[in-house]
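Residue-level listing of the chains:
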Amino acid sequence: MNTPPDGLPIYRVVTGPDDAAFCHRVSEAIDLGYTLHEGPAITFNGENVVVAQALVWRALP
């Protein structure tokens, strides 16, 4: 598949609290065919650790 399914973009940034739900969202994107772009960005909003992970589509032959 040369393009992401369901009209998804080739570049995505997944954000959210650093919890299991965030990890599952990133894992699901990887299962679809995305690959991590560099490491995550992490910050603290005064209450929670918040993470952002960029993902890029890898074209499959």
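As annotated in an unreviewed UniProt entry, the chain carries the name DUF1737 domain-containing protein and comes from Streptomyces paludis.

Undergrad: Tell me about the packing of aromatic side chains, residues and numbers included.
TA: By the definition in use, this model includes 1 aromatic pair. In this structure, Arg-12 packs its charged tip against the face of Tyr-34, placed 5.0 Å from the ring centre.

Undergrad: Please give an account of helix α1 (residues 20–32) that cites residues and values.
TA: Compared with the 18 Å implied by 1.5 Å per residue over 13 residues, the 18 Å span of α1 between its first and last C-alpha is a close match. Every buried residue belonging to α1 is among Phe-22, Val-26 and Ala-29, and all of these are buried. Down the axis of α1, the sector holding all buried residues measures 55°, keeping them to one side. Facing away from the buried side of α1, by more than 90 degrees, are the exposed residues Ala-20, His-24, Glu-28 and Asp-31. Next to the buried residues of α1 lie β1 (11–17), β2 (34–36) and β4 (49–57).

Undergrad: Let's hear about unusual backbone geometry: which residues, and what values?
TA: Phi at Asp-6 is positive, roughly 55°, even though this residue is not glycine. Looking at where Asp-6 falls in the secondary structure, it is placed in the segment before β1. Residue Glu-38 is not a glycine yet carries a positive backbone phi of 65°. By relative accessible area, which is 64% here, Glu-38 ends up exposed.

Undergrad: Describe the UniProt feature "domain: DUF1737" (unreviewed entry) in the chain, with residues and values.
TA: Here, the residues flagged by UniProt with the feature "domain: DUF1737" (unreviewed entry) are residues 10–56. The span residues 10–56 carries 28% helix and 47% strand; its end-to-end C-alpha distance comes to 6 Å.

Conventions we followed
- Residue indices begin from 1 for each chain and proceed along its sequence in written order.
- Only residues with pLDDT of at least 70 get local features here, since the model is predicted, and only at 80 or more are side-chain atom pairs given and counted; chain-wide, interface and lining totals rely on the full set of residues.
- Side-chain figures throughout are based on the complete set of non-hydrogen atoms in the structure, without hydrogens or water.
- Aromatic contacts are taken between Phe, Tyr and Trp rings whose centres are within 6.5 Å, Trp giving its six-membered ring; a plane angle under 30 degrees counts as stacked, one over 60 as edge-to-face, and the others as tilted.
- Two limits define a charge over a ring: the Lys NZ or Arg CZ must be within 6 Å of the ring centre, and within 35 degrees of the ring normal.
- Secondary structure elements follow DSSP: runs of H or I of four or more residues count as helices, runs of E of two or more count as strands, with numbering from the N terminus.
- To estimate how far a helix should extend, the number of its residues minus one is multiplied by 1.5 Å.
- Each residue's exposure class comes from its accessible area (1.4 Å probe, protein chains only) as a fraction of the maximum for that residue type: buried when under 20%, exposed when over 50%, partly exposed otherwise.
- Read the arc as the range of directions from the helix axis to the C-beta atoms.
- By definition in these notes, contact holds between two residues if any of their heavy atoms fall within 4.5 Å.
- UniProt positions are given in the numbering used here, feature names are shortened, and annotations may be inferred rather than shown by experiment.

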